[in-house]
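For reference, the chains in residue letters:
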Amino acid sequence: MTSSRGNSKDCGHCTLCCKVMEIEQLRKPAHAWCPHCEPRQGCTIYRDRPRECAEFSCLWLLNDSLDERWMPSKAKLVLTTSEDGIEVRCDPSFPDAWRRAPYQAQIRKWAASGEEDDVTVIVIVGQRVILITPTRDFDLGEIGPDERIVRDLDGTRVVDVRVVKINPKQQS
Ligand code: SF4
Ligand code: SF4
């Protein structure tokens, strides 16, 4: 979304978040280019872009430990954090990008270190959600807004994962 932060990084020619992220204020779905984006150039309504866009920074931009290999336009991955942990969104044109080196090994390391602290790591490929654990991947398919992920734990180790409907009383 073409911005820079206090560190040495800036978006440069990357515009991948304008494709993979949902923008509620524009009713733009995830994984489709924003009509205001000039891919690899920038936002054509930059001064008037929604607050959601102005406030967004991907993890690569914010985290100095992620080197140039993780620049979203190169990696074809946009990293963000959520309440539960780390989300890795693949450019849908490169659905296996996360499986390439060095990405998959590092993503699994985050899952291993996150297990102790109840931090989840998920990969999102189009509408598909994959929960990553240190030993295996759980392909959960498409998860609707009225559904959530439930992990079965043995201590801190994830042994199974299910998708369940949210009780409507819990949604409000
Ligand atoms: S994905 Fe990150 S680096 Fe790329 S345009 Fe968006 S904020 Fe900038
Ligand atoms: S409004 Fe601009 S910054 Fe926001 S998603 Fe569209 S192109 Fe990107």
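Whatever comes next refers back to the structure up there.
A. Geometry of the side chain of serine 73. Checked against the element boundaries, serine 73 lands in helix α4 (residues 72–75). Excluding residues within four positions of it along the chain, serine 73 makes contact with Cys14 and Arg40.

B. Region of interest: the pattern of salt bridges. If you walk through the whole model with that rule in mind, you get 13 salt bridges. Between aspartate 154 and arginine 157 there is a salt bridge; the shortest N-O distance is 3.4 Å. For arginine 157, a relative accessible area of 43% translates into the label partly exposed.

C. Region of interest: unusual backbone geometry. Of note, the amide linkage connecting alanine 101 to proline 102 takes the cis form, showing an omega dihedral of 5°. Tracing the backbone shows proline 102 in the loop between β4 (85–90) and α5 (103–116). A positive phi angle is found at arginine 40, which is not glycine, with a value near 70°. Secondary-structure assignment places arginine 40 in the loop between β1 (37–38) and β2 (42–43). The phi dihedral of aspartate 118 is positive, around 60°, even though this residue is not glycine. The class of aspartate 118 is partly exposed, set by a relative accessible area of 48%.

The rules we used
Residues numbered from 1 in each chain as written. Chains lettered and ligands numbered in written order. Predicted model: local features only at pLDDT ≥ 70, side-chain atom pairs only at ≥ 80, totals over all residues. Heavy atoms only, no water. Helix = DSSP H or I, 4+ residues; strand = E, 2+ residues; numbered from the N terminus. Contact = heavy atoms within 4.5 Å. Salt bridge = Lys/Arg side-chain N within 4 Å of Asp/Glu carboxyl O. Buried < 20%, exposed > 50% of the residue type's maximum accessible area, 1.4 Å probe, protein only.

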